[in-house]
Amino acid sequence: MKKSMKLKTYLPFAINVFQRKLSYRADAVIFILGEAVMLAVTYYLWKAVYGSSQNSIMNGFSLNEMIIYILISFITSLVISADIVTDMYREVKDGSIAINLIRPISYEKRMIFQGLGNVMYNFIFIFISSFVVITILYYKYSESLNLFNIIFYFVSTILGLLINLYYRYAFGLLSFKITNMWGLSQMMGAVSELLSGTLIPIVFFPKTIQWIFNILPFSSMIYTPSMIYLGKLTGAELVKAIGIQVIWLMIIIVIARVMWNTLIKKLTILGG
Amino acid sequence: MIEVENLKKEFRMNKKYPGFKGAIKSFFSKEYTNKVAVDGISFKIDDGEIVGYIGANGAGKSTTIKMMTGILTPTNGKVLVNGNIPYKDRQDNAKNIGVVFGQKTQLWWDLPLSETFSLLKDIYEVEEKEFEERMKFLNEVLDLESFMLSPVRTLSLGQRMRADLAAAFIHNPRVIYLDEPTIGLDVVVKDNVRKAIKKINEDFGTTIILTTHDLNDIEELCNRIIIIDSGKLIYDGGLKEIKEKYGYTTSIEVQIRQKINLDEVEFIKELDMERIKLSTKENKLIVTFNKNNVSTTDIIGILMAKFDIIDFSVNETSVEEIVKKIYRNEV
């Protein structure tokens, strides 16, 4: 009962963001076109790399698998990304955060739900159809489909999504202290893109760097679910990878709470 | 009941230097300047009071309000609102307060106004029956019906302010903070808003704390005012007392047929040697005096005997005048 009340309180924030996204359709189309170009560039790049190499398998990836990796990591990163950092620093900058703090609601939950609104939009309008297409493609390449992997892919993606949202939320909290966050948030985007394995699968990096990347939370967001989808993580490795995700999620939530407690005291409400 | 004790807020700011060179210098410098926005304020507000909280721009009004609502943490001192420490139990405190920031809206910008109310109903967990009753009441006093279904972004400022006031009251809070609720409104809407505030206070016994620059708001609504200046409390008391204390000076402006010199009217001063001030301009004479010592008729009487008076007017000191003086440190 209590839980459902809570959901009723916070769900409007998710729906509000969903509706807002829905009303900016042109923006969504342009965004997808831009991303598609990036995707095409990556595809041809890897095709060239494989074409010029003697081996048809690099670091355990055949060209077909690589293509699937690019596609699946691409839509995974798309579905879990929600730009709550911008929402947060904009609110601090124009002072409208005051309005949200006078309500009896948790700022953390509100921001997470706003993020989920974004995710909901991407899931419905981009993810479902692309996922079906990619899976058909994958089936055509490998002529088998492992339902087990797909289920764990979703489990892992949900964990990755939560890690990503809390990570961004914690990052956004910095705007309580640093008023202009635009540059920093751009930098954060670039770093997490590299470290999360969206650009290049982490197995392509040198061993020591791989080890570091695997320990950082970024690989838990996109790389882990994508590798699970491709069936490259099974058995003990799979359990370990999901375990790392759960641990990271807990660590990041704790960090975010500590940051909140410290930074809320430093918040200066601007304007008026 | 609200208790504020020795409240202090300091903002630390990176020291800024002028010019481009200065910008670079301040980027690397670790020098800070402390700005004390609120400096050791104490007061107590009982349930059901309407208190005017006034001060010049930058005096620290909004900062105090923000600390009382729990969105700013004080550097020192304490605030208790109905037994809660607002900046520690922000969410608990928020259930019992309503806030209107005149310069910011709390309505959902892209949604129809009615949506805002149903969202707030869920957020504050208001019972259906209570919600309907209160909506009816608010509709009556604030006349929201005609724009209930329009998206908030299309509302006029007056409509928006009325809606904001309603939104702050939807959960029947014990305390409402109104930070400049009449800013930018026309006379008619101002009047409506004031009436609504008064009615809410009378019908529900809501404590109201009001900051404003429009002292007519204060005169019509409050029986108590707190004046602060540069973060310090300089007056806390009734509106009547302040008028008696500071509002003793009255001035009469007299138009005389011929041109007049100061020494010709010097004799008026004999009525009250110390307190009477005179000034002349062409054929106009302004006499400023203390009403407790001399009456207006005395002065007019002796002037009539000597001069040919065309017209005269009496100006009582308004609260506005008093406050102006207080801001300028004249009293």
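Please read all numbers here as calculations on a predicted model, not as lab measurements.

(A) Fine view of unusual backbone geometry. Despite not being glycine, asparagine 59 of chain A shows a phi value in the positive range, around 45°. Inspection of the secondary structure puts asparagine 59 of chain A in the loop between strand S1 (57–58) and strand S2 (61–62). Classification of asparagine 59 of chain A by C-beta neighbours within 10 Å gives exposed; the count is 11. If you check the backbone angles, glutamate 180 of chain B has positive phi at about 50° while not being a glycine. Checked against the element boundaries, glutamate 180 of chain B lands in the loop between strand S6 (175–179) and helix H7 (187–204).

(B) The arrangement of helix H4 (residues 84–94) of chain A in detail. Residue and element names in this part refer to chain A. Those residues of H4 not exposed but buried are Ile84, Val85, Met88, Tyr89 and Val92. End-on, the buried residues of H4 take up no more than an arc of 125°, which puts them together on one face. Looking at the buried positions of H4, the neighbouring elements they touch are helix H5 (97–101), helix H6 (107–142), helix H7 (147–173) and helix H8 (182–195). Among the residues trailing H4, glycine 95 stands out with phi positive, at a value near 80°.

(C) A look at helix H5 (residues 128–142) of chain B. All names here are of chain B. For H5, spanning 15 residues, the distance from its first C-alpha to its last is 20 Å, which sits close to the expected 21 Å at 1.5 Å a residue. The complete set of buried residues in H5 reads Leu138, Val141 and Leu142. In a view along the axis of H5, the buried residues occupy a sector of 75°, so they form one face of it. Residues Glu128, Lys129, Glu132, Glu133, Lys136 and Glu140 are exposed on H5 and point more than 90 degrees away from its buried face. The secondary structure elements touched by the buried residues of H5 are helix H6 (157–169) and H7. Phi turns positive, to about 55°, at aspartate 143, one or two residues after H5.

(D) A look at the pairing of strand S7 (residues 207–211) of chain B. All names here are of chain B. S7 sits mainly inside the fold: 5 of its 5 residues count as buried. Burial along S7 is two-sided: the face carrying Thr207, Ile209 and Thr211 and the face carrying Ile208 and Leu210 are both buried. The pairing of strand S3 (residues 50–54) with S7 spans 4 bridges and is classified as parallel. Paired with glycine 52 across the strands is leucine 210, a residue of S7.

(E) Representation of the packing of H6 of chain A against H7 of chain A within the structure. Residues and elements named next belong to chain A. Two numbers describe how H6 lies on H7: the axes approach to 10 Å, and their chain directions differ by 125°. Classified by the interaxial angle, the pair formed by H6 and H7 is oblique. As for how H6 packs across H7, the hand of that crossing is right-handed. Side by side, H6 and H7 meet where Glu108, Met111, Ile112, Gly115 and Val119 of the first sit next to Leu161, Leu165 and Tyr169 of the second. Among the residues making up the contact of H6 with H7, the classes are represented as 6 nonpolar, 1 polar and 1 charged.

(F) View of the sheet that holds strand S2 (residues 32–45) of chain B. Residue and element names in this part refer to chain B. Read across the open sheet, the 3 strands follow the order S2-S1-S4; overall the sheet is antiparallel. Looking along the sheet, the strands with just one partner apiece sit at the ends: S2 and strand S4 (76–81). Each strand of the sheet is rotated relative to its neighbour by a mean of 30°, with strand direction disregarded. Across 5 bridges, strand S1 (residues 2–14) lies against S4 in antiparallel orientation. Residue pairing in the sheet places lysine 8 in a bridge with asparagine 76 of S4.

(G) The arrangement of the sheet that holds strand S9 (residues 232–238) of chain B in detail. All names here are of chain B. Read across the sheet, 6 strands follow the order S5-S6-S7-S3-S8-S9 without closing on themselves; strand pairing throughout is mixed. Each end of this open sheet is capped by a strand with a single partner; those strands are strand S5 (97–101) and S9. Taking each pair of neighbouring strands and ignoring which way they run, the sheet shows an average axis angle of 15°. Direction of pairing for S5 relative to S6: parallel, over a ladder of 5 bridges. Its bridge partner lying in S6, phenylalanine 101 is registered against aspartate 179. Across the sheet, helix H9 (residues 239–246) lies against strand S8 (224–229) and S9, angled at about 110° from S9, the strand it touches most.

(H) Spatial organisation of the domain arrangement of chain B. Residue and element names in this part refer to chain B. Assigned domains of chain B: these are domain 1 (2–6 + 38–243) and domain 2 (249–327). Counting residues per element, the ones that place at least two in the side of domain 1 that touches domain 2 are helix H8 (215–221), S8, S9 and H9. With 3 residues, H8 is the largest single contributor of residues to the side of domain 1 that touches domain 2.

(I) Layout of the nonpolar core. By size, the foremost hydrophobic cluster in this structure holds 132 residues, and its most contacted members are Ile163, Tyr166 and Tyr169 of chain A together with Leu165, Tyr177, Ile209 and Leu210 of chain B. Once you skip the residues sitting within four places of it in the chain, leucine 210 of chain B turns out to touch Ile50, Val51, Gly52, Tyr53, Leu178, Asp217, Leu221 and Cys222 of chain B. Counting residues in hydrophobic clusters, the runner-up holds 7 residues, among them Val254, Ile256, Val265 and Leu285 of chain B.

(J) Layout of the interface of chain A and chain B. Taken together, the contact between chain A and chain B spans 20 residues of the former and 23 residues of the latter. Residue assignment for the side of chain A that touches chain B shows that the elements contributing at least two residues are helix H1 (2–22) and H5 of chain A. Tallying contributions element by element places H1 of chain A first for the side of chain A that touches chain B, with 6 residues. Tallied by class, residues from the side of chain A that touches chain B come to 9 nonpolar, 7 polar and 4 charged.

The rules we used
- Residues numbered from 1 in each chain as written.
- Chains lettered and ligands numbered in written order.
- Predicted model: local features only at pLDDT ≥ 70, side-chain atom pairs only at ≥ 80, totals over all residues.
- Helix = DSSP H or I, 4+ residues; strand = E, 2+ residues; numbered from the N terminus.
- Buried ≥ 20, exposed ≤ 12 C-beta atoms within 10 Å, placed from the backbone.
- Arc of directions from axis to C-beta.
- Contact = placed C-beta atoms within 7 Å.
- Expected span 1.5 Å × (residues − 1).
- Pairing = 2+ DSSP bridges.
- Axes fitted to C-alpha atoms, helices over the stretch in contact; angles between N-to-C directions.
- Parallel < 35°, antiparallel > 145°, perpendicular 65-115°, else oblique.
- Left-handed = near helix turned anticlockwise from the far one by under 90°.
- Nonpolar A, V, L, I, M, F, W, Y, C, P; charged D, E, K, R; others polar.
- Domains from an automatic or database assignment.
- Core = buried A, V, L, I, M, F, W, Y, C linked by C-beta atoms within 7 Å.

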